[in-house]
Amino acid sequence: MLDKSKIIFSTPEEDASITAAALSDPDALPMTEEQLAQFRPWRLRLLPPADAPKVKISIDYDVDLIDVFKRTGEGWELGINAVLREWAIRRGYLPYPD
C-alpha cells in the first residue's frame, strides 16, 4: 500500500521549472487542439456492437479484483468485457477497432 506521508510534492517554482524544461523539448511538445480532437474514447472502441451476441458463463475471479470493477459503478461488467477485449486485440486475436 502506498504510504502517502512519504509523498513529496513539488513547489510552484519547481513545477514551473519542470514545465518550462518540458516545453523547450521539441520532441515532447503538447498536442494541439486539432490533434486532441482526433482521439476517441477508449470505452466506445472496446465495447462490442450493440447487436453482438452474448454468452452467459460461470467463472471464478478473485474477490478483490471484482471489487475493483464494482467500485466503478453501474455497468462494471462491461469494464471486464472491455479489458478482455483489449487483451485479445493487443495479441492479434481480434481486429483493432476502427
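Right, let's walk through the structure included here. None of the values given here were measured: they were computed from a predicted structure.

Describing the packing of helix α4 (residues 63-70) against helix α5 (residues 76-90)
Two quantities define a packed helix pair, namely the angle between the axes and the distance from one axis to the other.
Here is step 1: At a minimum axis separation of 8 Å, α4 and α5 run at an interaxial angle of 115°. By the angle class used here, α4 and α5 are roughly perpendicular. Between α4, through Ile66, Phe69 and Lys70, and α5, the contact on the second element is made entirely by Trp76, Gly79, Ile80 and Val83.
Here is step 2: Here the contact of α4 with α5 is composed, by residue class, of 5 nonpolar, 1 polar and 1 charged.

Observations regarding the pattern of salt bridges
Here is step 1: Under the definition given, this model contains 1 salt bridge.
Here is step 2: For Glu86, the salt bridge is made with Arg90, and the minimal N-O distance between the two is 2.8 Å. In this pair, Glu86 and Arg90 both sit in helix α5, 4 residues apart, roughly one turn of the helix.
Here is step 3: The exposure class assigned to Glu86 is partly exposed, which follows from its relative accessible area of 29%.

With respect to the environment of Trp76
Here is step 1: The topology assignment puts Trp76 in helix α5.
Here is step 2: Taking C-alpha positions, Trp76 is 15 Å from Asp62, a pair spaced 14 residues apart along the chain.
Here is step 3: Once you skip the residues sitting within four places of it in the chain, Trp76 turns out to touch Ile66, Phe69 and Lys70.

Calculation notes
- For every chain, the first residue of the written sequence is number 1, and numbering continues from 1 along that sequence.
- Since the coordinates come from a predicted model, pLDDT governs what is reported: local features require at least 70, and pairs of side-chain atoms require 80 or more to be given and counted, while whole-chain, interface and lining totals use all residues.
- Calculation of side-chain values draws on the structure's entire complement of heavy atoms; hydrogens and water are dropped beforehand.
- Every axis in this analysis is a line fitted to C-alpha atoms, fitted for helices over the stretch in contact. Angles between the N-to-C directions lie between 0 and 180 degrees.
- A run of DSSP states H or I qualifies as a helix once it reaches four residues; a run of E qualifies as a strand once it reaches two. Both are numbered from the N-terminal end.
- In these notes the angle categories are as follows: under 35 degrees is roughly parallel, over 145 is roughly antiparallel, 65 to 115 is roughly perpendicular, and the rest is oblique.
- Every residue pair with non-hydrogen atoms within 4.5 Å of one another is taken to be in contact.
- Three categories are distinguished: nonpolar for Ala, Val, Leu, Ile, Met, Phe, Trp, Tyr, Cys and Pro, charged for Asp, Glu, Lys and Arg, and polar for the others, with Gly belonging to the last.
- Between Lys or Arg on one side and Asp or Glu on the other, a salt bridge is scored when a side-chain nitrogen of the former is within 4 Å of a carboxyl oxygen of the latter.
- Between buried and exposed lies partly exposed: a residue is buried under 20% and exposed over 50% of the maximum accessible area for its type, with that area taken using a 1.4 Å probe on protein chains only.

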